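Residues per chain, in single letters:
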Amino acid sequence: MAAGRRGVPPAFLQQLRDAIDIVTLISGYVALSKIGQNYRGLCPFHSEKTPSFTVTPSRQMFYCFGCGTGGDVFTFLMKKEGIGFMEAVRELAELAKLPVPSEAKAGSCSTSPDQRVQLEAIHARAQTWFHHNLFEHAMGRTALAYLTERGLHLETLRAFGVGFAPASWDGLTRYLLHAGFRLQDVVQSGLILTKPGKTGYYDRFRGRIMIPIVNLRGQVVGFGGRVLDGTLPKYLNSPETPLFSKGRMLYGLDRAREAIARLNTAILVEGYFDVMTLHQSGFQHVVAPLGTALTRDHVALIRRFATTVVLVFDGDSAGSHAVLRALDLFVNSGMTVRVAILPEGYDPDTYVRTHGSQALHTLLETQAVPLLDFAIEHSLQRHRHGTLDDRIRQVDDLLRIIMKADNVIMREEYTRSVAERLGIRQELLVQRYPQLLRRGETSASPEKNLVRNRDKQNGKKEDREERDLVALLLRGAFTVDQLHALQEEEFTNPLYRQLVRVILYHIDASGTLVWDAFHAQIAGDDVLGPLVAELTTMDEGYFHAEDVVGYIWDCLRALTRKKIRTALNQAIARLRAAERDGRGDEIQRLNAHINELLIRKADLEKVELLSS
């Protein structure tokens, strides 16, 4: 049996799915109406006027035929609340009054649930101490004066929980141990370090303004510390811990997610003070990475709440390079991404403090350009006065950027525009495309290719048999004989073929799909998960017709017929080539193979005639 996600046993996940009524859960967010065996309502993940969001209680699945979002109770809670898988498991387990099994402790970290609670308590107590030092203790006066001089109001500092760590070596260590926490737990929190030679312990953060990092459940999981002088490093973050991974979190998202979801837009800046200043100035939908470059996890996190992102970076070369690094992460992500580069010498914090919030609002509205436009313009400017070799490299750089766009019309328009700017005929750029492709210089991952293949092929008439066979396979409509007749390699759509392989792996000797193990395998798959949700929520009339068995045989024969037709075409093409070259042995072999295929085709047509 397949292992559960992050160490949670598949049997428990299935027990939890069975215990939670998906209709009741989703009804807490969406008004649903019963339509036949399913329920339907307006999608909570995108704006629509006609309901296309479907819930199928028999399979405990949901799917939106408008935006393509789908999954089970875990997926819904993760996407709607913006939480991780284990958080969803814990919340649903609490709702179902089921204890999470101890095996789950090995999931996302090596800590047990009790240890995790201890780490959360340690961070909460540390944040209280830092906050008290800033506002109530003489040691925090200099830091507080610095913050207010930067234009941050006391209300903002309190709302974001900002504090101060004194310069003493072990103030926090002594405070936490005196509060009753165990030394090993405090060490595991990352807030204290072992002295060289293991002769004692000292505070990680000393003489720094302390900015708490809060997860989407409102719990402090780490800190960012900023010095008041020129000491390096200027910023110091908490280390990776069982609670905290900076590549998977965005600063300020706990406070910004409602505004982001309401506006369907996130503003992404670079630093803590940018976030706080912009929130104070009325921009409630602002977040920032935690002192690290953007990651795919960051993009996925934003996509839970919005489909539009505005990147607002500093007006220097580092800011431009940060935007370009984001290109691969955002292109073809399904999100609209615009870029607003501030005037040189400004970051969002200083720009708002100097020019006011209305000036930034105007800049975002009038000067933010599409990400691909920015990347192309940056490349054009970089090589404007270069040599011939520079110009050739420039052309290749621009083509690589343009090729990242899935939309054919968009690629053609950008190619025309670049050709005009460079003074090169557009046909030459088009001819250059295949050369780069042959080098394998495309950015699409295999998973994206599968998704693209699905988007292109799902609606094709000749793929309908494949789609319906997979949907009926998921519904348990196949007889044992039909399961034996089903050939995975006859599916031409790679996504359907992959799904059939997974389904067949989880069908037992009686021909029944073992849903708990199957679901445990596909639940975390961003490609197969939504596809299963889509296929199980489809409500085609013939799925419930009397002769479903007959329809399955028709589809199976259609796949075999298509396979024979393809093989015939390929064999005939090879035969013609062999005849041109006079390869006698190969001609004889190919003729025999073609005759064999024609006999199979005739036998299949005879069977179809008798069954009609």
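Engineer: Give me the lowdown on the overall build of the protein, citing residues and values where you can.
Structural biologist: Helix and strand counts for the protein come out as 27 helices and 17 strands. For the protein, buried positions account for 48% of its 612 residues. A fraction of 66% describes how many contacts in the protein between residues 6 or more apart in sequence connect residues 24 or more apart.

Engineer: Now, about the environment of Arg-400: what can you tell me, with residues and values included?
Structural biologist: Assignment of secondary structure puts Arg-400 in helix α17 (residues 388–403). The spatial distance from the C-alpha of Arg-400 to the C-alpha of Tyr-433 is 8.5 Å, given a sequence separation of 33 residues.

Engineer: Account for the sheet that holds strand β12 (residues 250–251), with residues named and values stated.
Structural biologist: In space, the six strands of this open sheet follow the order β12-β14-β13-β15-β16-β17, with mixed pairing throughout. Strand pairing shows two members of the sheet lacking a second neighbour, β12 and β17 (369–370), which therefore form its edges. In terms of strand pairing, β12 meets strand β14 (residues 286–289) through two bridges, oriented antiparallel. The partner of Tyr-251 across the bridge, within β14, is Ala-288. Helix-sheet contacts for helix α11 (residues 272–280) involve β12 and β14, and the interaxial angle to β14 is about 175°.

Engineer: Could you give an account of the packing of aromatic side chains, with specific residues and numbers?
Structural biologist: By the definition in use, this model includes 17 aromatic pairs. Taking 6.5 Å as the distance between ring centres and 55° as the angle between the ring planes, the aromatic pair formed by Phe-53 and Phe-76 counts as tilted. Of this pair, Phe-53 sits in strand β3 (residues 53–56) while Phe-76 sits in helix α3 (residues 73–81), placing them 23 residues apart in sequence. The same class applies to Phe-53 as to Phe-76, namely buried. Centre to centre, the rings of Phe-160 and Tyr-251 are 6.2 Å apart; their planes meet at 35°, and the pair counts as tilted. Placement of Phe-160 in the loop between α7 (154–159) and β6 (163–165) and of Tyr-251 in strand β12 is noted, with a sequence separation of 91 residues between them. A residue is classified by how much of its surface remains accessible, and Phe-160, at 9% relative accessible area, is buried.

Engineer: Describe helix α10 (residues 253–263), naming the residues involved and giving the relevant values.
Structural biologist: All of the buried residues along α10 are Leu-253, Ala-256, Arg-257, Ala-259 and Ile-260. Buried residues belonging to α10 abut α3, β12, β13 (265–268), α11, β14 and α12 (296–303). Downstream of α10 by one or two residues, Asn-264 has phi in the positive range, about 60°.

Engineer: Residue-level account of the sheet that holds β3, with values.
Structural biologist: Across the sheet, which stays open at both edges, the five strands sit in the order β1-β2-β3-β4-β5 with antiparallel pairing between neighbours. The sheet is open, and its two borders are formed by β1 (33–35) and β5 (70–71), each paired with just one other strand. With four bridges joining them, β3 and strand β4 (residues 61–64) adopt antiparallel strand pairing. Its bridge partner lying in β4, Thr-54 is registered against Tyr-63.

Cut-offs and rules
- Residues numbered from 1 in each chain as written.
- Predicted model: local features only at pLDDT ≥ 70, side-chain atom pairs only at ≥ 80, totals over all residues.
- Heavy atoms only, no water.
- Helix = DSSP H or I, 4+ residues; strand = E, 2+ residues; numbered from the N terminus.
- Buried < 20%, exposed > 50% of the residue type's maximum accessible area, 1.4 Å probe, protein only.
- Contact = heavy atoms within 4.5 Å.
- Pairing = 2+ DSSP bridges.
- Axes fitted to C-alpha atoms, helices over the stretch in contact; angles between N-to-C directions.
- Phe/Tyr/Trp six-rings, centres within 6.5 Å; stacked < 30°, edge-to-face > 60°.

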